[in-house]
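Structural description and commentary
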Amino acid sequence: MGKIKIAVKTPSIDMTPMVDLFFLLLVFFILTATFRPEEAAPIKTPTSTSQTPIPDSHLVTVLVSKDDKVFFNLDNGTDSTEHIRAKVLQAIGSNYKIKFTPKEIKKFEGLASFGLPVAKFKDFLNAPDQKTREAMQIGIPIDSLDNQLTMWIRFARTYNNELSFTLKGDGDANYPVVKKVIAILQDNNVNKFNLTTDLKSGVAAEIPAEFIIK
Amino acid sequence: MAEIVQEESNKGKGKRKSKKHGTHIDMTPMVDLACLLLTFFMLTTAFNKPKVMEIILPEKPKENEKPPELDKDRALNIILVENDKVLWYVGIAEPGKTVLTEENFSKDGIRKVLLERNKQLFMNITKMNKDVVDGKLKLSRDSIEGRVKRYYKADKSGPIVLIKAADGVKYKNIVDIIDEMAITNIARYSLVDINPVEKMMVQTKLGKPSVTAIK
């Protein structure tokens, strides 16, 4: 019988399609990835059973940290060409007789949440590094004498009329502060807002047996 | 492996009969890196977006407007106190008469209290949801929400929950109780300030000296 000659060459798999696919996916994920700038304060949100995702844009977030400081964040609109943050900052600056340079405005647009009195903003935006900036975040004044949160809310609304409001509080924040923030929101006719929460593990809420329909 | 094989074209006079294989570029490191980056981006992409809980508070009454009258029998007052405990009573607080009941946040705690009072509405909504799941009722997501809203609006017998917070309450307690409202399908609730009478009652209930009561 004629023997079949086995090829000596090691079998090689053509991996080109796989690599192509990898690159395609890689490009996709790079382009869709949105990097969130670091928040001004670490906030551990409480858990709930709600499964509604947070809206993508036109979002104002009022943050309350563990040590009861209040922060504010608003987005730039649907895309960054709208420059809503820039407009709001300029308007507030002129209200306080502060003129911001284009460089400072640009810096502000790149930041996320902030929490400091307006008077300190110039120093804040010119701070050399993250550490100095962090130290300056002493919270937005919310007392009735100098209620800057109201001002931020009003100006944010002036430049973006499809805003939705979100309250993101730390689970350990004291309620009186949160209550104050809610009162300020209500004073500005924001009666409908979202509370940011984490999804509770073990999703479905347990119901006592007598209330379950068989 | 993935590699580019550059065929050396020996046109012309064919000076040298060099290697037949041509130049190989080893792409393994590049592919490794691509893989690594891909994994990184896949994992960091925010698939777990934070969730939100919508809350709609009743509008503040205007200055010359009377707040709406509250049906006493339907008013269920929930007072949150420190250490994740909940006290509740029905109606209007009368010192010495009203009894506060203590509950916790477990399924047989405040949830049971709320469900007992809101049984009709809760059962209606649960039944509708069950029908949808079983395929007896064909509804889109939006119309389910619409129906739930209509049930809420038509609710005439369920409790009107007034959520109050005593001293030392954390924000998470508030979120927990609002979440309970969502779980038990309470149609009407609001966040209300605690009044002095209730403050006193809480202090007697918790057995604390009533020094801070007169503040």
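Every chain is numbered independently, its residues counted from 1 as its sequence is written. Both sets of labels track the order of writing: A upward for chains, 1 upward for ligands. The predicted nature of this model means local features are confined to residues of pLDDT at least 70 and side-chain atom pairs, given and counted, to a pLDDT of 80 or more, with totals for whole chains, interfaces and linings taken over all residues.

Counting residues at the interface gives 48 residues for chain A and 44 residues for chain B. Those elements that place two or more of their residues in the side of chain A that touches chain B are helix 1 (16–32), strand 2 (52–53), strand 5 (164–169), helix 7 (175–187) and strand 6 (192–199) of chain A. In terms of residue count, the dominant contributor to the side of chain A that touches chain B is helix 1 of chain A (9 residues). In this sheet, strand 3 (residues 51–56) of chain B lies alongside strand 2 of chain A in antiparallel orientation, the contact comprising 2 bridges. For Thr52 of chain A, the partnering residue across the bridge sits in strand 3 of chain B and is Val52 of chain B. Each residue gets a C-beta atom placed from its backbone, and two residues are in contact if those atoms lie within 7 Å. Labels follow the DSSP assignment, with helices taken as runs of H or I lasting at least four residues and strands as runs of E lasting at least two, numbered in each case from the N terminus. In this analysis, strands are considered paired if DSSP registers two or more bridges between them.

Quick look at the nonpolar core now. Counting residues in hydrophobic clusters, the biggest one holds 66 residues, and the most contacted among them are Ile78, Ile79 and Leu80 of chain B. Excluding residues within four positions of it along the chain, Leu80 of chain B makes contact with Val86, Ala165, Ala166, Val169, Asn173 and Ile177 of chain B. The term nonpolar core means buried Ala, Val, Leu, Ile, Met, Phe, Trp, Tyr and Cys residues held together as one set by C-beta atoms within 7 Å. With C-beta atoms placed from the backbone, a residue is buried if 20 or more other C-beta atoms are within 10 Å of its own, exposed if 12 or fewer are, and partly exposed between those counts.

Attention now goes to helix 2 (residues 84–95) of chain A. All names here are of chain A. Between its terminal C-alpha atoms helix 2 stretches 17 Å, which fits the 16 Å expected from 12 residues at 1.5 Å a residue. Listed in full, the buried residues belonging to helix 2 are Ile84, Arg85, Val88 and Leu89. Down the axis, helix 2 shows its buried residues gathered within 130° of arc, on one side only. Against strand 4 (70–74), helix 3 (102–110) and helix 6 (148–159) lie the buried residues of helix 2. Looking one or two residues past helix 2, Lys97 carries a phi angle of roughly 60°, positive in sign. One fewer than the residue count of a helix, multiplied by 1.5 Å, yields its expected span. By definition, the arc is the one covered by directions from the helix axis to the C-beta atoms.

Without other data, these values stay purely geometric and don't point to any function.
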